[in-house]
Amino acid sequence: MLSLVVLISGGGSNLRALLDAVHTEGSPVRIVAIGADREAEGFAHARHFDIPTFVVAPRDYADRDAWGEALLAEIVGFEPDVVILSGFMRLLPAGVVDALSPRVLNTHPAFLPEFPGAHAVRDALAAGATETGASLIVVDAGVDSGPIVAQERVSVLPDDTEATLHDRIKTVERRLLVQAVLDLADHRLDLEELT
Ligand code: GRF
C-alpha cells in the first residue's frame, strides 16, 4: 500500500482526477490526508471522499521556517510514503524538502526546464512557443529544478488562451501523475534512483 498526502492551493482538479483514478476499492494507493496553505476550494473533493484535511497558513506563523516546521509536522503526522504537490502554489522551505526528499513530487504545467515558476502557461504563450508540455518532478531545493519523473509535450494552438491551453495541459498532468503513483505503488518507479 502506498500512502499519499496531497497538498493543494486552489480548485484541486488534478487532485480530483487522482482521487477518482486511484483512491478506489482494492487500489494499492490511499490518499491519507489533503493539506493546503489556505481554505482551498479543492477541500470539497476531500469531503466527498471523507479524507482528513489540514490548513497551515503562512500568515499564522512568524516566518517561513516556522510555517515550514508546522507544515512538516502535519504531513509526517499522517506518515505518508510520498507527498504530492498538486497545484500547491508555494515553495516548500528547505527544511521541509530536506526532511522528505526524495519523496515529494510536483506537477508543473510546462516541459521543464522550460518555463519554470508560477506562471508557466502564461509565459509559454508570451514567448510565442508552438509547444509546451506537462512535467512531473521530484522536488528539490530549487524552483521546479528537480529530477524529472515524467513529461510530455502539448501543442500550443493558434487560438489558445491561457485557460484553454492550461486545461489541455492539465489533462496530461493528471495522466502523468496517476501513472507515476501507480508505478510507485507497484515498485516500477523508485524515487531514490532518480536522485
Ligand atoms: C496545475 O496546472 C499545476 O501544475 C499548477 O496548478 C494547476 C493545478 O490546478 N501548479 P488544480 O488546482 O488541480 O485545478
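Scroll up to find the structure this text is about.
This section reports on the structure supplied with the text.

This next bit is on the site of the ligand. By nearness alone, every residue bordering the ligand is listed as G11, G12, S13, N14, G87, M89, T107, H108, P109, H166, K170 and E173. The contact in question runs from an oxygen atom of the ligand to an N or O atom on the backbone of N14, over 2.8 Å. A distance of 2.8 Å separates an oxygen atom of the ligand from a polar side-chain atom of K170. Here the ligand loses 88% of its free accessible area of 370 Å² to cover by the protein chains. Judged by its atoms lying within 2 Å of the grid points, the ligand is housed in the largest pocket. Contributions of two or more residues to the shell around the ligand are made by α1 (13-22), β5 (104-108) and α6 (162-185). At three residues, the largest contribution of residues to the shell around the ligand is made by α6. Broken down by class, the residue content of the shell around the ligand amounts to two nonpolar, eight polar and two charged.

What counts as what
- Residues numbered from 1 in each chain as written.
- Predicted model: local features only at pLDDT ≥ 70, side-chain atom pairs only at ≥ 80, totals over all residues.
- Heavy atoms only, no water.
- Near = heavy atom within 4 Å.
- Polar contact = N/O pair within 3.5 Å; in protein donor to acceptor, adjacent residues only side chain to side chain.
- Areas by Shrake-Rupley, 256 points an atom, 1.4 Å probe, with all protein chains shown as cover.
- 1 Å grid on protein atoms, 1.4 Å probe; cavity = no way out; pocket = protein on both sides within 12 Å on 5 of 7 lines; lining within 4 Å.
- Sits in = over half its atoms within 2 Å of the grid points.
- Helix = DSSP H or I, 4+ residues; strand = E, 2+ residues; numbered from the N terminus.
- Nonpolar A, V, L, I, M, F, W, Y, C, P; charged D, E, K, R; others polar.

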